[in-house]
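# Residue-level structural notes
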Amino acid sequence: NLRKSLPLSSPFHNSSLNCSIKAIDLFDEKLKKLIDEKISEPENSLELIFANVLKKEKLREVRGENLEKIELTEDQIQEIEEKFLCRISKMPTQYILKEWEFRDLKLNMKIPVFIPRPETEELVELISQKLSPKKNYKILEIGCGSGCISLSLLNEHEAIDEIIAVDQSKSACELTLENAKKLDLSHRLKVCKHKLENDGLLPTDIVPLDLKFDLIISNPPYVPSKDSLKLQPEIYLYEDIRALDGGKEGLDVINSLLNLSANYLKPKGSLWLEIDDRHPEIIAKIVENNAEKWNLKFMSTYKDIFKKNRFVEIEKC
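Residues numbered from 1 in each chain as written. Predicted model: local features only at pLDDT ≥ 70, side-chain atom pairs only at ≥ 80, totals over all residues. Heavy atoms only, no water.

### Description of the sheet that holds strand S6 (residues 160-167)
Spatially, 7 strands are ordered S7-S6-S5-S8-S9-S11-S10 in an open sheet, and the strand pairing comes out mixed. The sheet is open, and its two borders are formed by strand S7 (189-193) and strand S10 (296-303), each paired with just one other strand. Each neighbouring strand pair of the sheet contributes to a mean axis angle of 15°, computed without reference to strand direction. Alignment of strand S8 (residues 213-218) against strand S9 (residues 265-274), held across 5 bridges, turns out to be parallel. Directly across from Leu-215, in S9, lies its bridge partner Ser-270. (Pairing = 2+ DSSP bridges. Helix = DSSP H or I, 4+ residues; strand = E, 2+ residues; numbered from the N terminus. Axes fitted to C-alpha atoms, helices over the stretch in contact; angles between N-to-C directions.)

Here's what the structure looks like:
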């Protein structure tokens, strides 16, 4: 019981149903506590929490002088308090709000499914620029997480006939399906639970032997194992570490994806990967050394908004 847990001296411990307080006063108090506890992005986290509780769609609606005009009800104070306690426990804001915006979509979020990052929106944009409205595409995504990549592409491109989305996590598959149904996109999406093996082969009930794809897309685990120990507590305490840890060099799943692409891409089809900025030259060399075996060609490296080499495009010859 949250009210019983509050000290009697708290300004929010009041039995009156008419208890109210100015939003700006509560905001300032909670912001100081977040800063004192060294919580990352304290102001942005709190703005998102207030926006969510106040049913505001945009952050600017709860910034600055607007908060001075808002009197919070007792129920709103309690809801803010509950969400604040989660944030001070280092729970990511996306899980606290149980939703997150990705491009033009609002996706449901659940622990421990990997939270979409802004860089992945850039990957979707790069791919979108390459798609023709006159072609019917078949796409395979490996590691769908919340479904952000597949669902954004389906939402923005009627030319995509079908996407098969695969993830080793049952929770991720369930959340992708939940988001697909919410957005009325499930009729063009097939979601399958499967862990990709080194040989890059998929069960025939997921992908028939004769089915080939125009695009294979993945934001795979690419963090070297030694670096996963340095991740923020918000990540290692709440997110599925399997979505991040890419093995000793961060290339374990990427190598499997290269095998997969050799098996399932159409001629002139493309593999798109989001990767660690240390990987492009290594991947290019791996592709070159296996050119005869895979019949793949390294095409391009693309930078993200932080000027890091974040994405690669590889083509089936």
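### What about the packing of helix H2 (residues 23-36) against helix H5 (residues 74-88)?
If you want to describe how two helices pack, look at the angle between their axes and the distance between the axes. Direction vectors running N to C along H2 and H5 enclose 10°, while the axes themselves pass 11 Å from each other. On the basis of their axis angle, the class for H2 and H5 is roughly parallel. For the pair H2 and H5, the sense of crossing is right-handed. For the pair H2 and H5, contact is made by Leu-26, Lys-30, Lys-33 and Leu-34 and by Ile-77, Ile-80, Glu-81, Phe-84, Arg-87 and Ile-88, respectively. Considered class by class, the residues forming the contact of H2 with H5 number 6 nonpolar, no polar and 4 charged. (Parallel < 35°, antiparallel > 145°, perpendicular 65-115°, else oblique. Left-handed = near helix turned anticlockwise from the far one by under 90°. Contact = heavy atoms within 4.5 Å. Nonpolar A, V, L, I, M, F, W, Y, C, P; charged D, E, K, R; others polar.)

### Focus on a nonpolar patch on the surface
Together, Tyr-236, Leu-237 and Ile-241 line one region of the surface with nonpolar side chains, adding up to about 290 Å² of accessible area. Checked against the element boundaries, Leu-237 lands in helix H11 (residues 233-238). (Patch = residues over 30% accessible without salt bridge, like charges linked within 9 Å, V, L, I, M, F, W, Y side chains within 5 Å. Areas by Shrake-Rupley, 256 points an atom, 1.4 Å probe, with all protein chains shown as cover. Salt bridge = Lys/Arg side-chain N within 4 Å of Asp/Glu carboxyl O.)

### Re the side chain of His-279
Looking at the secondary structure, you find His-279 in the loop between S9 and helix H13 (280-289). Side-chain polar atoms of His-279 contact the backbone oxygen of Glu-249, separated by 2.9 Å. What His-279 contacts, discounting residues up to four positions off in sequence, is Tyr-222, Glu-249, Gly-250, Leu-251 and Ile-254. (Polar contact = N/O pair within 3.5 Å; in protein donor to acceptor, adjacent residues only side chain to side chain.)

### Some thoughts on the packing of aromatic side chains
Pairs of aromatic rings are described using the distance from one ring centre to the other and the angle between the two planes. Applying the stated criterion across every chain yields a total of 2 aromatic pairs. With centroids separated by 5.2 Å and ring planes inclined at 70°, the aromatic side chains of Phe-27 and Phe-50 adopt a geometry described as edge-to-face. Here Phe-27 is found in helix H2, whereas its partner Phe-50 is found in helix H3 (residues 42-53), with 23 residues between them in sequence. Taken individually, Phe-27 and Phe-50 each receive the classification buried, so the pair is uniform in this respect. (Phe/Tyr/Trp six-rings, centres within 6.5 Å; stacked < 30°, edge-to-face > 60°. Buried < 20%, exposed > 50% of the residue type's maximum accessible area, 1.4 Å probe, protein only.)

### Overview of the side chain of Asp-276
Residue placement: Asp-276 occurs in the loop between S9 and H13. Residue Asp-276 is classed as buried on the basis of its relative accessible area of 9%. Within the structure, the side chain of Asp-276 is placed 2.8 Å from the backbone nitrogen of Arg-278, a separation counted as a polar contact. Once you skip the residues sitting within four places of it in the chain, Asp-276 turns out to touch Tyr-222, Pro-224, Asn-309 and Arg-310.

### Digging into the packing of H2 against H3
At a minimum axis distance of 9 Å, the contact between H2 and H3 shows a crossing angle of 140°. As judged from the angle between their axes, H2 and H3 are oblique. Here H2 runs over H3; the crossing is right-handed. On the side of H2, the interface is formed by Ala-23, Leu-26, Phe-27, Lys-30, Leu-31, Leu-34 and Ile-35, while H3 contributes Pro-42, Glu-43, Leu-46, Glu-47 and Phe-50. Of the residues contributing to the contact of H2 with H3, the split by class is 9 nonpolar, no polar and 3 charged.

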